[in-house]
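Each chain is listed here by its residues.
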Amino acid sequence: MEIRAQTSLIAAVLSLAIAVTVVIRPRRLRVHWLFSLFAFSIACWYLTTFLSGVQPGDLWRRANLLCAVMLPVAGVQFFRAFIDEYTIWMSTLHRASLVMALTLSALIIFTPFYDHIAVASAVFSYLLLMLVAPLAVVYQRGRNAPSRIEGARLRYLALVGGLAATFTMADYLRYVGLDIPPVGTVLTLIFLYVLYQSILRYRLLDLYELAGRLAVLTALSFTLAFIFWVSVRVSGGGFFLPSVVAAMVVLLLFDPVRTKVEEQISSLIFRERFDFERAVASLRRRVGRVLEIDDLAHAILDGLEQSRRVTHASLYFVDREEKGYNLAGSLGPTPVQRIEIAPGRAFLDRLRRDDHIVLETVERELEELRGAGDDLEAETLYEIMQSLEAAHASVCLAIRAESGEIYGLLCLRDERLRDAFSPEEVQLLRGLTAQASLAVENSRLYQHIKERDRLAALGEMAAGLAHEIRNPLGAIKASAQFLHGPDAERDERAVEEFLGIIIDEVDRLNRVLSSFLDFARPSRGNPSAADMNATVERTMQLLGPECEAANVQVALDLHPDTPNVRIDVEQLRQVLINLVRNAVQAMERGGTLTVSTQLRARRDVDGASRRWAEMRVGDTGPGIPQKIMSTLFVPFVTTKDSGTGLGLSISHRIVTTAGGSIDARNEAGSGATFVVRLPATEDAVAQRTGAAPASAGATEGAASGAVSEGKSESRSGADTESVRTANR
């Protein structure tokens, strides 16, 4: 069987399958019936072409010509309904096709001249005119279409149809003595399938993907042919070995070639799509790093605005009671502030089913349902359209969990175009909402962890505060009971002693509560560009006598390149006093205290390099027990008999408020080191408050306030505390 007969039989079967597929769908409009008739006409023509090839004779030759003559009649009727264009041109083409089809059919059936060159030429000219003219009308309608996507769809159909018609006409050249390969058969099937997609789904094939695949297949085909040719020449005509070699090379090259070719095609031909794809990919990476819902809304809306593809955008998140969706942010005119779940049930059910809603798709479905007389579903679609209009959206996408729960809604519109987002771009946006869904889940988990930690810290603080208050209250109660006893049991000296106890314990309670309030409501002070080296140097001068009395040697290593930091100088001094006092108290028998500063450069998660000023306070004491490390900065955690256990907590709060970090590094038996990092400031001139001489009273007051809580204690409990809390 020759190649033309084989391809004709395959084309006939596929065309008939497409025609039947459209006929058996639940809702059939007039355009569906006409498309089925058109596809059936193509199937009949190819079937008779096959039969005339395998059984030569007048009967199948006449039947093949009759099918060819009737094909344009069905085609003109279909395109007339497809573009809904009852203009004088389409009406004229329709009447002309009928007249010419009847005339040619009479010549083919009733005269012996059906195979004459003149009849064949007339049939050829008739087909060429009646297939190309409707496609030209379709192309012109696409240029004038109000919708960008609709216009692209019609122009694409016209171009593919024109290409298919050209090569199909070339098949007729065999009637005039010219026989060429049946290339038109393949193109006709592609054209028919594109038409099938258009009338059923109102969408184009993905041109981006189609062009990429075509280019990749072409490149690999030429590569395969070249490798096969070279292998045959080298192997002397063998077939097996060249086939294996060529197949292996193609398998190795397929993925990298496909990626490279598709990238080049998208950047050169589909530039707008390529830019939008890059913008969405960048936005997805940004969304993946978000842990707060408010930050998520800001990131998405900011990224969409930077893409310059939307004029209206809004983001809604479900409320705690799950009774509606509240507006979290918007671009352009403000949409409705809240979408209630009960009234918007149809709208939300559609999102649960499809993940997204496109206004143009809903409008077409509504017209189809009204044409079919299905008023109930048409009313449902009308409610969906109203919800989209209220949100100022032409596209709405669900931010949905795997369980089906809808966390939020992303609504978009570009008022410059009626349908600004192609189906492929909607798929890109669905990837963005999927990433946003993960961000919402991460945010919920993060908030849960924060709440758990907050409750745990609150419990520990409450226990510590109760302990700190109970001891003074016990002493006050005992003293009061003694003073309340019979006069015989007390003398003046005893009364004075117990009154002193009461006063001391009340002062102690006042210090505890003051420290607690300092921790609960930390002051940001007066942040300015501070010279870390100068602050360290001056503070250590003040603490020098105390270190000397404790037999502690002080070693300073202040790097001259240490940058300025933005923090209140007094608060930075308070942090250093707390750390130094802890270190001194940890070295009961003396030792060496090392305070150093230096410049650090570290990369953030986004890859940007940042400069940090680092301060280290290390001692040669016994180190911090491992069991204490996890609660080192927890309020009221202390191993000392006196002290509030808030020193390190306040220091931690001061440093983190300034945008820095503080942590402890411990080597058992070799002492501990506290590392404070603060972001460097770009200010050229530092605030030299730390280096300037301070009034003795103020300075000593700060120092004594930081340590007024007690005597040196062992750090075995390594409270590393807490002790030197500056109750400021």
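Here the structure is shown first, and the text comes after it.
Given the structure is predicted, the values throughout are model-derived calculations rather than measurements.

Engineer: Please explain the overall build of the chain as it appears in this structure.
Structural biologist: Counting secondary structure elements, the chain contains 21 helices and 13 strands. Counting over 728 residues, the chain shows a buried share of 46%.

Engineer: In this structure, what is going on with the nonpolar core? I would like to understand it.
Structural biologist: Across soluble globular proteins, nonpolar side chains show a tendency to be buried alongside one another. Core analysis: the largest hydrophobic core is formed by 51 residues, its most contacted members being F35, F38, F78, F79, Y126 and L195. Only α1 (3-23), α2 (30-54), α3 (58-82), α4 (88-110), α5 (117-143), α6 (148-171) and α7 (183-201) provide two or more residues apiece to this core. When residues of this core are assigned to their parent elements, the largest contribution, 12 residues, is made by α3. Core analysis: the next-biggest nonpolar cluster, separate from the first, contains 38 residues, L543, L572, V580 and I628 among them.

Engineer: It is not clear to me how helix α18 (residues 569-586) should be interpreted in this structure. Could you clarify?
Structural biologist: For an α-helix, the turn length of 3.6 residues means that residues three or four places apart are oriented alike. The terminal C-alpha atoms of α18 lie 26 Å apart, and with 18 residues this matches the ideal 26 Å at 1.5 Å per residue to within 8%. Burial of α18 is extensive: 17 of the 18 residues sit out of reach of the surface. Put simply, D568 is the residue that caps the front of α18, since its side-chain oxygen is 3.0 Å from the backbone nitrogen of E570.

Engineer: Where do I start with a nonpolar patch on the surface in this structure?
Structural biologist: On the surface, L16, V20, I24, L37 and F40 cluster together to form a nonpolar patch covering roughly 460 Å² of accessible area. Counting only elements with at least two residues in the nonpolar patch, the list comes to α1 and α2. Residue classification places I24 among the exposed positions, given a relative accessible area of 64%.

Engineer: Where do I start with the pattern of salt bridges in this structure?
Structural biologist: Side chains carrying opposite charge are able to pair once their charged atoms draw close together. Within the structure shown, the criterion is met by 19 salt bridges. The structure contains a network of salt bridges with shared partners spanning R600, E614, R616, D663, R665 and R677.

Engineer: Which parts of the structure should I look at to understand unusual backbone geometry?
Structural biologist: Peptide bonds are mostly trans, and most non-glycine residues show a negative phi. Positioned with a positive phi, E322 is a non-glycine residue whose angle comes to about 55°. In this structure E322 comes out as partly exposed when scored by relative accessible area, which is 46%. In this structure, H392 is a non-glycine residue whose phi angle is positive, near 55°. One can find H392 in the loop between α14 (375-390) and β5 (395-400).

Engineer: Whenever I open this one, the environment of P563 confuses me. Can you help?
Structural biologist: One can find P563 in the loop between β8 (552-558) and β9 (565-567). You can call P563 buried: its relative accessible area is 7%. Sequence separation of P563 and M532 is 31 residues, and the distance between their C-alpha atoms is 7.5 Å. With sequence-adjacent residues up to four places away left out, P563 is seen in contact with L599, R611, W612, A613 and A680.

Engineer: Can you help me understand the state of the cysteines in this one?
Structural biologist: What we call a disulfide is simply a covalent bond connecting the sulfur atoms of a pair of cysteines. A complete count under the given rule lists 0 disulfides for this structure. With no disulfide of its own, C44 lies 5.1 Å from the sulfur of C67, the closest cysteine sulfur. The class for C44 is partly exposed, based on a relative accessible area of 22%.

Engineer: Any chance you could explain the pairing of strand β6 (residues 406-413) here in plain terms?
Structural biologist: Within a regular strand, side chains alternate between the sheet's two faces. Counted residue by residue, β6 has 8 buried out of 8 residues, so it is predominantly covered. Taken together, the 6 bridges between strand β1 (residues 312-318) and β6 define a ladder with antiparallel strand orientation. Bridge pairing in β6 links F317 to G408. Examined bridge by bridge, β5 and β6 share 6 bridges and lie antiparallel to one another. Within β6, the position partnered with A398 by the bridge is L409. The antiparallel hairpin formed by β5 and β6 contains 5 residues in its connecting segment, where G404 sits at a positive phi of about 105°.

Engineer: Which parts of the structure should I look at to understand the packing of aromatic side chains?
Structural biologist: To describe a pair of aromatic rings, you give the distance between the ring centres and the angle between the ring planes. Throughout the structure, instances matching the rule amount to 6 aromatic pairs. Considering the side-chain rings of F276 and F421, the 6.3 Å spacing of their centres and the 45° angle between planes classify their relative orientation as tilted. With F276 in helix α10 (residues 271-287) and F421 in the loop between β6 and α15 (423-483), this pair connects stretches of sequence that are 145 residues apart. F276 gets classed as buried once you look at its relative accessible area, which sits at 3%. With a relative accessible area of 4%, F421 lands in the buried category. An aromatic cluster is defined as three or more aromatic residues linked by ring pairs; in this entry it consists of F35, F38, F78 and F79. Sitting over the face of the ring of F276, R309 holds its NZ or CZ atom 4.7 Å from the ring centroid.

Parameters and conventions
- Residues numbered from 1 in each chain as written.
- Predicted model: local features only at pLDDT ≥ 70, side-chain atom pairs only at ≥ 80, totals over all residues.
- Heavy atoms only, no water.
- Helix = DSSP H or I, 4+ residues; strand = E, 2+ residues; numbered from the N terminus.
- Buried < 20%, exposed > 50% of the residue type's maximum accessible area, 1.4 Å probe, protein only.
- Core = buried A, V, L, I, M, F, W, Y, C linked by side-chain atoms within 4.5 Å.
- Expected span 1.5 Å × (residues − 1).
- Polar contact = N/O pair within 3.5 Å; in protein donor to acceptor, adjacent residues only side chain to side chain.
- Patch = residues over 30% accessible without salt bridge, like charges linked within 9 Å, V, L, I, M, F, W, Y side chains within 5 Å.
- Areas by Shrake-Rupley, 256 points an atom, 1.4 Å probe, with all protein chains shown as cover.
- Salt bridge = Lys/Arg side-chain N within 4 Å of Asp/Glu carboxyl O.
- Contact = heavy atoms within 4.5 Å.
- Disulfide = S-S within 2.5 Å.
- Pairing = 2+ DSSP bridges.
- Phe/Tyr/Trp six-rings, centres within 6.5 Å; stacked < 30°, edge-to-face > 60°.
- Lys NZ or Arg CZ within 6 Å of the ring centre and 35° of its normal.

Geometry only, nothing functional implied.
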